[in-house]
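Below are the chains, spelled out letter by letter.
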Amino acid sequence: MAFWDNLFPGRAASQFDSGSAASNTIDLTKRRPSVSLTKQGAATGNLRVNLSWRMRTSDLEGRSRQSGRLLRNPSQFFKPEVVQAHTQGMVNVDLDLGCLYELTDGSKGVVQPLGGFYGDLNGAPYVKLSGDDRFGGSSGETIFVNLDHKDEIKRLLFFVYIYDQTPAFDRTHAKITLYPSNGPRIEIELDERAPQARSCAVFSVENAKGELTVRREVRFVYGFQAELDRLYGWGLQWGRGYKTKA
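Rules and cut-offs
- Residues numbered from 1 in each chain as written.
- Predicted model: local features only at pLDDT ≥ 70, side-chain atom pairs only at ≥ 80, totals over all residues.
- Heavy atoms only, no water.
- Pairing = 2+ DSSP bridges.
- Helix = DSSP H or I, 4+ residues; strand = E, 2+ residues; numbered from the N terminus.
- Polar contact = N/O pair within 3.5 Å; in protein donor to acceptor, adjacent residues only side chain to side chain.
- Buried < 20%, exposed > 50% of the residue type's maximum accessible area, 1.4 Å probe, protein only.

Quick look at the pairing of strand S11 (residues 185-190)
- In terms of strand pairing, strand S1 (residues 25-27) meets S11 through 3 bridges, oriented parallel. Counterpart to Thr-25 in the pairing with S11 is Arg-185.
- Alignment of strand S10 (residues 172-179) against S11, held across 5 bridges, turns out to be antiparallel. Looking across to S11, one finds that Lys-175 is bridged to Glu-189.

Right, here's the structure in full:
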């Protein structure tokens, strides 16, 4: 950033689709759904894509009911709030991060924990899953993309699905964060309530005429990978898969 950019605070921020210069983050939203990695000088090196999630501890409806009780009975204001904790026995939500890929040579496939398709970073498809987080830990799940081989990548579709088939996106707060090799990180919130959905196409990466573009999708579906495949025209054959017990 040049020295004179600091003299015009709005100038640097306007280069990005959305976000905060202070937090060094670009937020992809419905109004501003895309950003070019190429124009940011971030189309090389390893792109790190992280999924993190936590259980929702409250919602607007619950807070509204509590406010109404306080107005009717002000003495309740001095009582400590009872927190309903989500335990592993009560809510067992296993969110998984996956990636559909299509290379320029026409080969297609998927990288995901289910079935043990962990991919390869230095060989095709140049996409690799680091591991499988089953409990929503602080590190979450991470997929790496080797953008030094971007010319061999045609398109990618990153998605999240609930392995145990229990629709619970409305009870989780999930976020995808992209860490390019250069420039600000990119965040996409899965903040839409979709209580019956089991999968969500979160974002795509397309290589068009040498430019890599990240585009927000956030499309919830009631099915799994096969339905995402149908929506985006991948044309893969899908079968039933299971995980080993943790």
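Describing the side chain of Asn-50
- Along the polypeptide, Asn-50 turns up in strand S3 (residues 46-55).
- A polar contact of 3.2 Å, which involves the side chain of Asn-50, links it to the backbone oxygen of Glu-141.

A few points about unusual backbone geometry
- In this structure, Pro-125 follows Ala-124 across a cis peptide bond, with omega equal to 15 degrees.
- Looking at where Pro-125 falls in the secondary structure, it is placed in the loop between strand S6 (119-120) and strand S7 (127-129).
- One non-glycine residue, Tyr-126, lies in positive phi territory at about 65 degrees.
- As for its placement among the helices and strands, Tyr-126 is situated in the loop between S6 and S7.
- In the Ramachandran plot, Val-218 falls in the positive-phi region, its phi being about 45 degrees despite a non-glycine side chain.
- The residue Val-218 is located in strand S13 (residues 211-221) in this model.
- Overall, the relative accessible area of 6% leaves Val-218 in the buried class.

A look at the sheet that holds strand S8 (residues 141-146)
- The sheet built from 7 strands is open, its strands ordered S1-S11-S10-S3-S8-S7-S6 with mixed pairing. The sheet terminates laterally at S1 and S6, the two strands that pair on one side only.
- Relative to S8, S3 runs antiparallel, the two sharing 6 bridges. Its bridge partner lying in S8, Asn-50 is registered against Thr-142.

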